[in-house]
Amino acid sequence: MSTNAANRKILVAEDEIDVLNLVAANLKSAGYTVLKAEDGESALEQARHAIPALIVLDLMLPGLSGLEVCKTLKSEAPTRLIPIIMLTAKAEEVDRIVGLELGADDYITKPFSPRELVLRVKSVLRRASSPSDTSDIIKLGDIQVDRSRYEVMVRGKPIDFTATEFKLLTLLMERRGRVQSRDSLLNDVWGYESIIDTRTVDTHIRRLREKLGKSADCIETVRGFGYRIVEA
């Protein structure tokens, strides 16, 4: 996978030079090699060429927008599994949701703390690489998850999942029948110890259901609390 521990390259795509340099400096201090892009075309080109471990992607890039870059990268096999953290303004809620639905793994709103961004990068990389730590196959009805091969099969057909979607589905299947609160999912899947916008969980659950199709009936919403997965 592109998130192999040996790959310490982080691509930062941001057109505000001060923000770009600040983020790059903090990531370098944390031990990462940083690639910089100031527009969408450059971000796309560098992502395809370097295959970084992760991309920090501003949505408001000149030329190709961050959403267009995200959509393109997630549609191409060599770059599909690269985790993406979006940078958004507080007023860009619709774009933020669209970005998550396109396959982005996380987002952070401006203005933000560079220290928080570094923690988010570490968290996303940690969960993106974790499926390779075990070789178990989990089955639930028509759904089969092979954690060693990073593969999901539904009724015998492979389904593409992002790293976050894979981790979320695997966790729910491991804890089948047990209700998982949104806060606990944020902690166990996203690695956040403090409460943030729980709509992140709801967006990813919606994407899981769309990809699982008829088999999505196994994911139950527990109103006002969270989700659980059961035999459909």
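The structure presented is a predicted model; accordingly, all values stated were derived computationally and were not measured.

Chemist: Quick one: what's the story with the sheet that holds strand E11 (residues 219–222), residue by residue and with numbers?
Modeler: With respect to topology, three strands assemble into an open sheet ordered E10-E12-E11, the strand pairing being antiparallel. The open sheet terminates on both sides in strands that have one partner only, identified here as strand E10 (180–181) and E11. Bridging between E11 and strand E12 (residues 226–229) involves four bridges; their strand directions are antiparallel. Bridge pairing in E12 links Ile 219 to Ile 229. Its contacts with the sheet put helix H6 (residues 163–174) on E10 and E12, and the angle it makes with E12 is roughly 65 degrees.

Chemist: Break down the environment of Val 230 for me, with residues and values.
Modeler: Mapped onto the elements, Val 230 comes out in the segment after E12. Residue Val 230 is classed as buried on the basis of its relative accessible area, which comes to 19%. Placed 90 residues apart in sequence, Val 230 and Leu 140 show a C-alpha to C-alpha distance of 8.0 Å.

Chemist: Any chance you could break down the sheet that holds strand E7 (residues 143–146) for me, citing the residues and the numbers?
Modeler: Sheet architecture is open: four strands sit in the order E6-E7-E8-E9, paired in antiparallel fashion. Looking at the sheet topology across the chains shown, the edges are occupied by strand E6 (137–140) and strand E9 (157–159). With strand direction ignored, the average angle separating the axes of adjacent strands in the sheet is 25 degrees. Bridge count between strand E8 (residues 151–154) and E9: three bridges; the pairing is antiparallel. The residue bridging Val 152 from the neighbouring strand is Ile 159, located in E9. On the sheet, H6 packs against E6, E7 and E8 and is oriented at approximately 110 degrees with respect to E7.

Chemist: Explain the layout of surface pockets to me, using residue names and the numbers behind them.
Modeler: By volume, the second largest pocket is sized at about 150 Å³. In terms of lining residues, the second largest pocket is bounded by 14 residues, among which Lys 74, Leu 102, Gly 103, Thr 162 and Lys 211 are the most central. Elements that contribute at least two residues to the lining of the second largest pocket include exactly helix H3 (66–75), helix H4 (93–102) and helix H8 (199–212).

Chemist: Pulling in residues and values, what's your account of the packing of H4 against H8?
Modeler: In contact at an axis separation of 9 Å, H4 and H8 are set at 45 degrees when each is read in the N-to-C sense. When the interaxial angle is binned, H4 and H8 end up oblique. By crossing handedness, the relation of H4 to H8 is classed as right-handed. Packed against H4, whose contacting residues are Glu 93, Ile 97, Leu 100 and Glu 101, the element H8 presents Arg 199, Thr 203, His 204, Arg 206 and Arg 207 at the interface. For the contact of H4 with H8, a count of residues per class yields two nonpolar, two polar and five charged.

Chemist: Go over the packing of aromatic side chains, please, and point to the residues and values.
Modeler: According to the stated counting rule, one finds one aromatic pair in the structure shown. Geometrically, the ring pair formed by Tyr 150 and Phe 166 is stacked, given 4.4 Å between the ring centres and 25 degrees between the ring planes. Here the residue Tyr 150 occupies a position in the loop between E7 and E8, and Phe 166 occupies one in helix H6, the gap between them amounting to 16 residues. The exposure class assigned to Tyr 150 is buried, which follows from its relative accessible area of 15%. In this structure, Arg 8 packs its charged tip against the face of Tyr 32, placed 4.2 Å from the ring centre.

Thresholds, definitions, all that
- Residues numbered from 1 in each chain as written.
- Predicted model: local features only at pLDDT ≥ 70, side-chain atom pairs only at ≥ 80, totals over all residues.
- Heavy atoms only, no water.
- Pairing = 2+ DSSP bridges.
- Helix = DSSP H or I, 4+ residues; strand = E, 2+ residues; numbered from the N terminus.
- Contact = heavy atoms within 4.5 Å.
- Axes fitted to C-alpha atoms, helices over the stretch in contact; angles between N-to-C directions.
- Buried < 20%, exposed > 50% of the residue type's maximum accessible area, 1.4 Å probe, protein only.
- 1 Å grid on protein atoms, 1.4 Å probe; cavity = no way out; pocket = protein on both sides within 12 Å on 5 of 7 lines; lining within 4 Å.
- Points joined across faces, edges and corners; volume = space filled by probe spheres on them.
- Parallel < 35°, antiparallel > 145°, perpendicular 65-115°, else oblique.
- Left-handed = near helix turned anticlockwise from the far one by under 90°.
- Nonpolar A, V, L, I, M, F, W, Y, C, P; charged D, E, K, R; others polar.
- Phe/Tyr/Trp six-rings, centres within 6.5 Å; stacked < 30°, edge-to-face > 60°.
- Lys NZ or Arg CZ within 6 Å of the ring centre and 35° of its normal.

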